[in-house]
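A look at the structure
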Amino acid sequence: MKKVVGTFLLALISWHTGVAQSDQKMNRFIDQLMAKMTVEEKIGQLNLVTGGEATTGTTVSTDVESKIRNGQIGGIFSMSTPSKIRKTQEIAIKQSRLKIPIIFGMDVIHGYRTVFPIPLGLAATWDMGLIQQSARIAAEEATADGINWAFSPMVDISRDPRWGRISEGAGEDTYLTSKVAEAIVYGFQGDNLAAHNTMMACVKHFALYGAAEGGRDYNSTDMSLHRMYNEYLPSYKAAIDAGAGSIMTSFNDINGVPASANKWLLTDLLRDQWGFKGLVVTDYTAVNELTAHGLGDLQHVSSLSLNAGVDMDMVGEGFLTTLKKSLDEGKVNLEAINRACRYVLEAKYKLGLFEDPYRYCNEQRAESIIGSVANHAKAREVAAKSFVLLKNANQLLPLKKSGTVAVIGPLANSGPNMPGTWSVSAELDKTSSLVDGMKAVLGNKVNMITHLGSNLLEDSTYQKHATMFGRTIPRDLRKEEEIIAEAVKVAQQADVVVAALGESSEMSGESSSRSELDIPKNQQNLLKALLATGKPVVLVLFTGRPLTLTWEDAHVPAILNVWFGGTETGKAVADVLFGDVVPSGKITATFPRNVGQIPIYYAHKNTGRPYGNSGDFEKFKSNYLDVSNDPLYPFGYGLSYTTFSYGDIHLDNDILENNGSIHASIDITNTGNYDAEETVQLYIQDLVGSVTRPVKELKGFQKIFLKKGERKTVKFEIRVDDLKFFDSALNYVVEPGDFNVYIGPNSRDVKVKAFKLL
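Quick notes on the rules
Residues numbered from 1 in each chain as written. Predicted model: local features only at pLDDT ≥ 70, side-chain atom pairs only at ≥ 80, totals over all residues. Heavy atoms only, no water. Helix = DSSP H or I, 4+ residues; strand = E, 2+ residues; numbered from the N terminus. Rg over C-alpha atoms; globule rule 2.2 N^0.38 Å. Contact = heavy atoms within 4.5 Å. Areas by Shrake-Rupley, 256 points an atom, 1.4 Å probe, with all protein chains shown as cover. Lys, Arg positive; Asp, Glu negative; His and termini not counted. Charge placed at Lys NZ, Arg CZ, Asp CG, Glu CD. Axes fitted to C-alpha atoms, helices over the stretch in contact; angles between N-to-C directions. Parallel < 35°, antiparallel > 145°, perpendicular 65-115°, else oblique. Left-handed = near helix turned anticlockwise from the far one by under 90°. Nonpolar A, V, L, I, M, F, W, Y, C, P; charged D, E, K, R; others polar. Buried < 20%, exposed > 50% of the residue type's maximum accessible area, 1.4 Å probe, protein only. 1 Å grid on protein atoms, 1.4 Å probe; cavity = no way out; pocket = protein on both sides within 12 Å on 5 of 7 lines; lining within 4 Å. Points joined across faces, edges and corners; volume = space filled by probe spheres on them. Pairing = 2+ DSSP bridges. Salt bridge = Lys/Arg side-chain N within 4 Å of Asp/Glu carboxyl O. UniProt positions renumbered as here; feature names shortened; annotations may be inferred. Right-handed = clockwise from strand over helix to strand, strands pointing away. Core = buried A, V, L, I, M, F, W, Y, C linked by side-chain atoms within 4.5 Å. Expected span 1.5 Å × (residues − 1). Polar contact = N/O pair within 3.5 Å; in protein donor to acceptor, adjacent residues only side chain to side chain.

**Describing the overall build of the protein**
Helix and strand content of the protein: 22 helices and 27 strands. Relative to the compact-globule value of 27 Å for 758 residues, the protein shows a C-alpha radius of gyration of 27 Å, a close match. In terms of its C-alpha atoms, the protein occupies a principal-axis envelope of roughly 80 × 65 × 55 Å. For the protein, long-range pairs separated by at least 24 residues make up 78% of all intrachain contacts whose partners lie at least 6 apart in sequence. Total accessible area on the protein stands at roughly 29,200 Å², and carbon and sulfur atoms take up 49% of it. Of note, the protein has its 78 positive side-chain charges centred 3 Å away from the centre of its 86 negative side-chain charges.

See the structure below:
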């Protein structure tokens, strides 16, 4: 044993020595390079411009090639293909004075050409291995197309589904989002950032972007430090601790100071407290937008941003056009410019671009990897596992592979909407629709008939806004009543109706906040008419956020939430609807009964007059007059075609000593008729603390596979570190006392056991 430990220590020492030597080599190289650079060339490295293939704002970069020649551009995003990137890189290497390579970025959010489910759907798999694989495949494809920097993962905690960008994250929970963040960073970056098939991750949006007031994008955030440290900041730190090479500032202000000018956030917290050594980049034109926030003109806000700790200015070019003047006037110093320049150059060095600026420009690799059969197969698997069965009365699902199925609704034949929001590299003209995917899977076994059913939205202007970026859904110009009446006639010819309803892909995502979260009224009218036929109706729900489904839950026999499943959505939906795959997804953001309950999340705190467990109204308690406090679907909820029985929790010790651990175990039995997966969730409640504590917090989960009739014992280790939190003085502490451990299939339906921390 001593020999093994000694060998391990020698290996660890050797690894640290290697890292230190590598850092020394990098520092010498960059020192020598920066000694040759003019101030203008250093400022040029801080300029990130757009290549114009896909934009997230209205500003478009100009004179890109001449600026590269003059050393005025450090990076380009939204440009792809090895030939185009090689041509652009050659300008920097062959025509600029110092031959500093360009870094190329892209919004690789949930896949590249092969698109996986939207991130909220990915999180619903609760499968960190699959999530990491999806990021690995995205990196393989994107790097094969010349790109080496991904603006992902988005790790913003959001408890307000009115915010459209909830679709781009992992939901409401700190612990789960942190695990997802780690998986994506590892998937992108691997263990060698300089490899030709890995890319630098960019954690976003720093910070608190998901807490925008009113769920309105870009809006203000006002939050106590206590909540910040305990609930909203840990996911960013988890991604950084996983090795993420860069981080992106958010658009919102934080307690009065916009993120891109917030020195406390970007220097005191990020650099000094957390020790982050990577690159800090703004979001699209965020420096320029500081003027609209009311902080001053472009020169002033650019100096504020640099001095706060920003290293790279995305698209706005305020750094490029004003920093030299600010330096001359003493508003910024050379040390700040040198700091920012060094972080940009270090990122390029770590990516291996100084060694080989064309390492990502292999056209043969692009042809063999991008959109491969294997990648599509994995996308189909992940999509099917992301779908959440919300209701299945009388075991309507799975459907039989026979008879006539009517697929009706505005999302039935819309291939371009299947990849979901933030799929900027998807080939929309090659993406099959739900109907096409189902036909490919079912062949001639099922007679399939289809109809538009209704327009996506009755308001044509609203529909135009909701179907941007090529996600058009053709409109039927007749009255909605006429369209629905015709759809009913189609439904009457079928044995079962699949209603493909919900949001279009661009009804969620950036700048897609909604004040109402119902299925659009005309689509609900269609659903009511389909139910009135007496035919069995399955609602296949497309959405990028939790919706208010109170009426649907009460009236529709089966509801399958498929989010937006990516490239293979149609086939994956068929796999689940017809029983080739048993659904196992579980929601990671609470579904409210109505928007009046928002913000709603499971890890809330009790009041001094807590709401009772009965669900009935009690005067002088913290409850609503007109609706239950309880959500429609709780965090972690999701049904299966089988059923699972949970035994009682067993603890190997009900006393947890400081610096020790105890083990919780529970027997899970598959009591139904299908082999299936189940995500077993562990929550902990701190019953007495120096500050108020949540009613429960997720602290562990395991996804297990059980054959029908099989029983397994699931074990969790509970460590003292799992009980730590930030107290009122922001000390990270653990306090002795009484705790409850809960284990169950979701945050509501749990077994409980008590233990004590000494």
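**Some remarks on the packing of helix H8 (residues 225-232) against helix H10 (residues 263-273)**
A pair of packed helices is characterised by two quantities: the angle between their axes and the separation of those axes. Running from N to C, H8 and H10 point in directions that differ by 55°, and their axes come no closer than 15 Å. It follows from the interaxial angle that H8 and H10 lie oblique. Considering the relative orientation of H8 and H10, their crossing is right-handed. Of the residues in H10, those in contact with Leu225, Met228 and Tyr229 of H8 are Trp264, Leu269 and Gln273. Of the residues assigned to the contact of H8 with H10, the class counts are 5 nonpolar, 1 polar and no charged.

**As for helix H22 (residues 569-577)**
Across the 9 residues that make up H22, a large majority, 8, are buried. Against helix H16 (373-386), helix H17 (434-442), strand E14 (496-502), strand E15 (537-542) and strand E16 (558-561) lie the buried residues of H22. Among the residues trailing H22, Gly579 stands out with phi positive, at a value near 85°.

**Re empty space enclosed by the protein**
Inspection of every chain in the model, using the stated rule, returns 5 cavities of 30 Å³ or more. Approximately 100 Å³ is the volume found for the largest cavity. Lining the largest cavity are 13 residues, and of these Pro119, Met154, Glu168, Val180 and Ile184 lie nearest its centre. The biggest single contributor to the lining of the largest cavity is helix H5 (residues 119-123), with 3 residues. Taken together, the residues that form the lining of the largest cavity break down as 10 nonpolar, 2 polar and 1 charged.

**Brief notes about the sheet that holds strand E11 (residues 388-392)**
Strand order in this open sheet of 6 strands is E11-E16-E15-E14-E12-E13, and the pairing throughout is mixed. In this open sheet, the two edge strands, each paired with only one partner strand, are E11 and strand E13 (447-451). If you compare each strand with its neighbour and ignore which way they point, the axes differ by 20° on average. Where E14 meets E15, 6 bridges bridge the pair, whose relative direction is parallel. The residue of E15 that forms the bridge with Val497 is Val537.

**Remarks on the pattern of salt bridges**
The tally for this structure, following the rule as stated, stands at 42 salt bridges. Lys94 is the salt-bridge partner of Glu90, the closest N and O atoms lying 3.8 Å from each other. Here Lys94 and Glu90 lie together in helix H4 (residues 82-95), a separation of 4 residues that amounts to about one turn. The class of Glu90 is partly exposed, set by a relative accessible area of 25%. The partner of Asp580 in a salt bridge is Lys401, and the shortest N-O contact between them spans 2.9 Å.

**Things to note about the UniProt feature "domain: Fibronectin type III-like" (unreviewed entry) in the protein**
Per the UniProt entry, the sites bearing "domain: Fibronectin type III-like" (unreviewed entry) are residues 678-747 in this numbering. Split by type, residues 678-747 is 0% helix and 57% strand. Its first and last C-alpha atoms lie 14 Å apart.

**Looking at the pairing of strand E3 (residues 103-106)**
Of the two faces of E3, both are covered, the one formed by Ile103 and Gly105 as well as the one formed by Phe104 and Met106. At this point the chain moves from strand E2 (residues 75-77), through H4, to the parallel E3, and the crossover so formed is right-handed. Where E3 lies against strand E4 (residues 149-150), 2 bridges are found, and the strand directions are parallel. Residue pairing for E4: Met106 is matched across the bridge by Ala150.

**Here we look at the environment of Gly566**
Here Gly566 lies in the loop between E16 and H22. Sequence separation of Gly566 and Lys479 is 87 residues, and the distance between their C-alpha atoms is 32 Å. What Gly566 contacts, discounting residues up to four positions off in sequence, is Val115, Phe116, Pro117, Met418 and Pro419.

**Here we look at the nonpolar core**
Counting 233 residues, the largest nonpolar core has Trp149, Phe188, Phe206, Leu233 and Leu577 as the members making the most contacts within it. Contact partners of Leu233, with chain neighbours within four places excluded, come to Phe206, Ala207, Leu208, Met228, Leu269 and Trp274.

**Some words on helix H20 (residues 521-532)**
Residue pairs three or four apart in sequence face the same way in an α-helix, which turns once every 3.6 residues. For H20, which comprises 12 residues, the first-to-last C-alpha distance of 17 Å matches the rise-based estimate of 16 Å (1.5 Å per residue) to within 8%. Of all the residues in H20, the buried ones are Asn522, Gln523, Gln524, Leu526, Leu527 and Leu530. Of the surrounding secondary structure, the elements contacted by the buried residues of H20 are strand E12 (404-408), helix H19 (480-491), E14, E15 and helix H21 (550-555). Phi turns positive one or two residues past the end of H20, at Gly534, with a value near 85°.

**Points about the pairing of E15**
Taking burial as the measure, the 6 residues of E15 include 6 buried ones, the bulk of the element. Residues of E15 alternate between two faces, with Val537, Leu539 and Leu541 on one and Val538, Val540 and Phe542 on the opposite face, all of them buried. Where E15 and E16 come together, 4 bridges link them in parallel fashion. Residue pairing in the sheet places Val540 in a bridge with Leu560 of E16. In the classification by handedness, the crossover that spans E15, the intervening H21 and the parallel E16 is right-handed.

**A few points about the sheet that holds strand E10 (residues 313-314)**
On the basis of which strands lie adjacent, the open sheet formed by 8 strands has the order E9-E6-E5-E4-E3-E2-E1-E10 and parallel pairing. Strand pairing shows two members of the sheet lacking a second neighbour, strand E9 (279-281) and E10, which therefore form its edges. Alignment of strand E5 (residues 200-206) against strand E6 (residues 246-249), held across 3 bridges, turns out to be parallel. Each bridged residue has a counterpart across the sheet, and for Phe206 the counterpart in E6 is Thr249. Contacting E5 and E6, helix H9 (residues 234-241) runs over the sheet at an angle of about 165° to E5.

**Quick notes on the environment of Met312**
Examined against the element boundaries, Met312 turns out to sit in the loop between helix H12 (298-308) and E10. Put simply, Met312 and Asp283 are 29 residues apart on the chain and 9.5 Å apart in space, counted from C-alpha to C-alpha.

**Focus on the side chain of Asn561**
Take Asn561: it is sitting in strand E16. Here Trp563 takes part through its backbone nitrogen, which lies 3.0 Å from a polar atom of the side chain of Asn561. Not counting chain neighbours up to four residues away, the residues in contact with Asn561 comprise Phe387, Val388, Leu390, Leu541, Thr543 and Phe591.

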